[in-house]
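Each chain is listed here by its residues.
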Amino acid sequence: MLRTHQGQANSMQGSYPGDPPKIDFTKLFKYNLRMKPYFYQFDSHLLDRHARDSILSVAKKYADNFIDYVGINATVTDNNGILSGKYMPTYKNDISQSAHTLLDSIAIPYYPIIIRHKPNVVVPKHIDDAHNKRFCVISIPLAPINDYPPTLYWNKDDLNTPVAIAEYIDHKPCLLNTEQLHSVENTSNVDRLNFQICFGLQFETVIDLIYNKKLFKI
Ligand SMILES: [Fe+2]
């Protein structure tokens, strides 16, 4: 199984007297962050705290506007709550200048949404509907700050063990390939909220832009 960091979950839970030294994640990053073809773990934050809080305030302001997503071949919601641009009409005025700076720097077409997973819900294994034209997304965790639940990736030949786990190390964003089978379980007892920058280009194309430092205009 591919994980952003293998076997480190306990070391993230806090330290206790007698614990071994903390793992040096900087040594793990160069081996374990680039999980093609499933996801890419950014090794730095894209939003500062103020920007994150400003987007959280949009999620709160429009809390009643989230739409329970129903897949094109489904009859019930998959537990993804979606807040898209037209349902948060003032978001451009509400987000911080640094959030604008990030969005303005993106070199390819995108659209932003906020996703909400209510406490203790499961988003079943799925591939995103192609008609939504979000073949990959930068998913930026907003809440909860601690123990943000990961995104699990699956191989259809083994639906019992995830093949990769995007863990959002230190609350940092991941580029997610939504054309690969994935699921989420909000194991927390609060809303799991994330800000997504959605791309109509394939994961492989966007990750090449990241590698070549062309996704963000300097
Ligand atoms: Fe999805």
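A. Up close: the environment of Ser-183. Along the chain, Ser-183 turns up in strand β12 (residues 182-185). Among the residues examined, Ser-183 registers 17 C-beta atoms within 10 Å and is labelled partly exposed. Counting along the chain gives 32 residues from Ser-183 to Thr-151, while the straight-line C-alpha distance between them is 6.0 Å. Leaving out residues up to four positions away in the same chain, Ser-183 has contacts with Val-123, Pro-124, Lys-125, Leu-152 and Trp-154.

B. Layout of the environment of Ile-115. Among the secondary structure elements, Ile-115 is positioned in strand β6 (residues 111-117). Taking the C-alpha atoms as reference points, Ile-115 and Asn-80, separated by 35 residues in sequence, lie 6.6 Å from one another. Beyond its immediate chain neighbours, meaning those up to four positions away, Ile-115 contacts Asn-80, Gly-81, Ile-82, Asn-194 and Gln-196.

C. Highlighting the pairing of strand β8 (residues 136-143). The element β8 is largely enclosed, with a buried count of seven among its eight residues. Relative to strand β13 (residues 192-199), β8 runs antiparallel, the two sharing seven bridges. Within the sheet, the bridge partner assigned to Pro-141 lies in β13 and is Asn-194.

D. The arrangement of unusual backbone geometry in detail. Note that the residue after Lys-36, namely Pro-37, is joined by a cis bond; omega there is 5°. Along the chain, Pro-37 falls in the loop between β2 (34-35) and β3 (39-41). For the bond running from Ala-143 to Pro-144, omega is -5°, close enough to zero to count as cis. Positive phi, normally seen in glycine, also occurs at Asn-79, with a value near 75°. With respect to the helices and strands, Asn-79 occurs in strand β5 (residues 77-84). With phi around 55°, Asp-147 is a residue other than glycine that occupies positive phi space. Along the polypeptide, Asp-147 turns up in the loop between β8 and β9 (151-153). Given 11 C-beta atoms within 10 Å, Asp-147 falls into the exposed group.

What counts, and at which threshold
- Residues numbered from 1 in each chain as written.
- Predicted model: local features only at pLDDT ≥ 70, side-chain atom pairs only at ≥ 80, totals over all residues.
- Helix = DSSP H or I, 4+ residues; strand = E, 2+ residues; numbered from the N terminus.
- Buried ≥ 20, exposed ≤ 12 C-beta atoms within 10 Å, placed from the backbone.
- Contact = placed C-beta atoms within 7 Å.
- Pairing = 2+ DSSP bridges.

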